[in-house]
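Okay, here's what each chain looks like letter by letter:
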Amino acid sequence: MADIRDLQTGKRCIISHDFSPFTAALDFSRRINMLYASTGLESNQEPLFRRIKGTPMDLKFSAEHTAFQSEVRTFIEGNLPLDIQEKGRRGLKIEKEDVRRWHEILFEKGWAASNWPKEHGGCEWDTVRRYIFGEKLARYHAPALSPFGLTMVGPVIYTFGTDAQRKRYLPKILSGEEFWCQGYSEPGAGSDLASLQTRAVTDGDHYIVNGQKTWTTYAQWADQIFCLVRTSSEGKRQEGISFLLIDMNTPGIEVQPIITIDGGREINSTFLSDVRVPLENRIGEENKGWTYAKFLLGNERSSIARVGYSKARLRRLKQIASEEQSGGRPMIEDTGFRRSIADVEIKLKTLEFTELRYLMSETQGDGPGAEVSLLKIRGTEIQQDLTELSMQVMGMYAHPYVPESMEYGWNEDPIGPEIAPSLSPSYFNVRKTSIYGGTNEIQKNIMAKMVLGL
Ligand SMILES: Cc1cc2nc3c(=O)[nH]c(=O)nc-3n(C[C@H](O)[C@H](O)[C@H](O)COP(=O)(O)OP(=O)(O)OC[C@H]3O[C@@H](n4cnc5c(N)ncnc54)[C@H](O)[C@@H]3O)c2cc1C
């Protein structure tokens, strides 16, 4: 039995698990929606927030947060370029220039870094504001800003970097002037990252770096790369690693594309041959890079859940399912299909609450813990489930592969509904999510050890 208290009447809503999972699922979904409806929020998809120990969760936004919600909505409606929005809505290819343009618009408004402290130019928003902002961006199909600077290396630099490093790098991450990429993985070092072999040897006031990084996402767009390199082979493997910031224009760096199964150009092999990197580009102490690397991974995993984007995909899925026919009636009326949708919607709703609980604890000063592994696993499973269901609902129209139809401005009629051409590339592309950022099997190992104490 689960126990939720209706906030307006104070009465308990008891959710029984005594009946079939399907009935329970629908009942849970219905009761959650009733609960939302009773809060007067603008849509039954908008949840929650204030949770005071020992009291029921208050699902209402405060007046301040409701005003913020309108401000964000008005801003996005007035400023997100229509061509970029159209690309997002139809699942078309997003170019670097699109991301940069949208980044600059957010930067001008002062909204580029919702997670950064004010002293470094961030918004320092509370959990609710960050939630509202992410939710609205996804709702309007805004492109995600590149996470490598804003979410990953930026917090490492302001937390562990020198003043000179903060001054040199943070403003350009914030403004979107410099793009970053991540140089962790190597051909022989993925899950077992500590076995990395890229070596940095001191030569006067420089390191000379040699090695190969792989799967480097958007290295072809990047101005800078943050790299884990081996600076010692003594003792434990983790204790011989350093964290370097490297300019991608340094002689000796070569980027070669790896084409993904959907035909996309997003990942690369990055070769480093006698690359000279100033010692002052090292974060923190030599051989202590593992500490900074783990801090960064915690932030990376917590942002991979992408709840807002999955909610947008779910809305789209329901819309397609109400338009596409099966056996003479809309797919959405098919009991089996409704059950699949209800199943994924419940998982998404619970993930959303879990993410909010996590964000809440982070706001209260707890750093990213091993629990973020849960967000990563569930978030990526849901993303994959949703693309799978979209393929099912579109049936044969999802099968033709016409790469040109993914380009904005391609003016031939698509085969089938407008959204159809993007579905199978998206289905194949999203298989990556359970691999990158640390595979889901590795996340389960982390939880077993750190959370369950096994
Ligand atoms: C699309 C994409 C983008 C990426 N972008 C970047 C990037 O920008 N920068 C970067 O540095 N890296 C990036 N990566 C690399 C990513 O982090 C690694 O692929 C990932 O950590 C897995 O490493 P691996 O590929 O070497 O697989 P392996 O470590 O060889 O794993 C192979 C299989 O064995 C399983 N396995 C391995 N060890 C264990 C274990 N102890 N217990 C249980 N199962 C295990 C894994 O789960 C996996 O299924 C990207 C990967 C992808 C797919």
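Scroll up for the structure.
For every chain, the first residue of the written sequence is number 1, and numbering continues from 1 along that sequence. Given that the model is predicted, a residue must reach a pLDDT of at least 70 before its local features are reported, and side-chain atom pairs must reach 80 or more before they are shown or counted; all residues, however, enter totals for whole chains, interfaces and linings. Hydrogens and water molecules were not included; the side-chain quantities draw on all heavy atoms of the structure.

> Explanation requested: the packing of helix α6 (residues 147-160) against helix α7 (residues 163-175) in the structure shown.
Axis definition: a line fitted to C-alpha atoms, limited for helices to the stretch in contact. Angles are taken between N-to-C directions and run from 0 to 180 degrees. Secondary structure elements follow DSSP: runs of H or I of four or more residues count as helices, runs of E of two or more count as strands, with numbering from the N terminus. With their axes 10 Å apart at the nearest point, α6 and α7 run at an angle of 160° to one another. Compared by their axis directions, α6 and α7 come out roughly antiparallel. In this structure, α6 meets α7 at a crossing whose hand is left-handed. From α6, G149, L150, V153, G154, I157, Y158 and T159 reach across to α7, where they touch Q165, R166, Y169, L170, I173 and L174. Under the convention adopted here, Pro, Cys and the residues Ala, Val, Leu, Ile, Met, Phe, Trp and Tyr are nonpolar, Asp, Glu, Lys and Arg are charged, and Gly plus all remaining residues are polar. Tallied by class, residues from the contact of α6 with α7 come to eight nonpolar, four polar and one charged. Put simply, angles under 35 degrees are roughly parallel, angles over 145 are roughly antiparallel, angles from 65 to 115 are roughly perpendicular, and the rest are oblique. Each crossing gets its handedness from the near helix: less than a right angle anticlockwise from the far helix is left-handed, clockwise is right-handed. A contact between two residues is defined here by any heavy atoms of the two lying within 4.5 Å.

> What should I look at first to understand the pattern of salt bridges in this one?
Opposite charge on two side chains permits pairing when their charged atoms draw close. Salt bridges are defined by distance alone: a side-chain nitrogen of Lys or Arg within 4 Å of a carboxyl oxygen of Asp or Glu. Per the counting criterion, the structure on display carries 27 salt bridges. Connected through salt bridges with shared partners, the residues D83, K87, D98 and R101 form a single ionic network.

> When you look at unusual backbone geometry in this model, what are you seeing that I'm missing?
It is generally the case that most residues other than glycine have a negative phi and that most peptide bonds are trans. If you check the backbone angles, Y218 has positive phi at about 50° while not being a glycine. Turning to its location among the elements, Y218 is positioned in the loop between β5 (206-214) and β6 (224-230). On the accessibility criterion, Y218 (26% relative accessible area) is partly exposed. Here the phi dihedral of N287 falls at roughly 70°; this positive angle occurs in a residue that is not glycine. The topology assignment puts N287 in the loop between β10 (282-283) and α8 (289-302). Only protein chains enter the area calculation, which uses a 1.4 Å probe; residues under 20% of their type maximum are buried, those over 50% are exposed, and those in between are partly exposed.

> Help me understand empty space enclosed by the protein, please; the structure alone is not making it clear to me.
Take a probe with the size of a water molecule and roll it over the atoms, and the empty space left behind shows itself. The pocket and cavity definitions rest on a 1 Å grid over protein atoms only: a 1.4 Å probe that fits but cannot leave marks a cavity, an open set with protein on both sides within 12 Å along at least five of seven lines marks a pocket, and residues lining either have an atom within 4 Å of a point. Grid points are joined across faces, edges and corners, and a volume is the space filled by probe spheres set on the points. The full count for this structure, using the stated rule, is two cavities of 30 Å³ or more. In this model, the largest cavity occupies a volume close to 70 Å³. H103, S146, G149, L150, I173, G176, E178, F179 and W180 are the residues that line the largest cavity. Split into classes, the residues belonging to the lining of the largest cavity amount to four nonpolar, four polar and one charged.

> Just to check I follow, could you spell out helix α13 (residues 440-451) for this structure?
Owing to its 3.6 residues per turn, the α-helix brings residues three or four apart onto one side. Here a helix's expected span is defined as the number of its residues, less one, multiplied by 1.5 Å. The end-to-end C-alpha distance of α13, which contains 12 residues, comes to 15 Å, matching closely the 16 Å that a straight helix rising 1.5 Å per residue would cover. Within α13 the residues assigned to the buried category are N440, Q443 and M447. One face of α13 carries all of its buried residues, which in axial projection span an arc of 50°. Residues of α13 that are exposed and point more than 90 degrees away from the buried face comprise E441, N445 and K449. Positioned one or two residues after α13, G453 has a phi angle of 70°, which is positive. Working note: the arc is built from the helix axis to C-beta atom directions.

> Help me understand the site of the ligand in this model?
Near residues are defined by distance, with any heavy atom within 4 Å of the molecule or strand qualifying the residue. Taken together, 17 residues lie near the ligand, and S185, S191, T217, T439 and E441 sit nearest. Polar contacts, as counted here, are pairs of nitrogen or oxygen atoms within 3.5 Å of one another; within protein the pair requires one atom able to donate a hydrogen and one able to accept it, and residues that are adjacent in sequence qualify only if both atoms are side-chain atoms. Here an oxygen atom of the ligand sits 2.6 Å away from a polar atom, N or O, in the side chain of S191. Within the side chain of E441, one N or O atom sits 2.6 Å away from an oxygen atom of the ligand. Relative to its unbound accessible area of 980 Å², the ligand is 65% covered by the protein chains. Only the protein chains shown count as covering a residue, and every accessible area follows the Shrake-Rupley method with a 1.4 Å probe.

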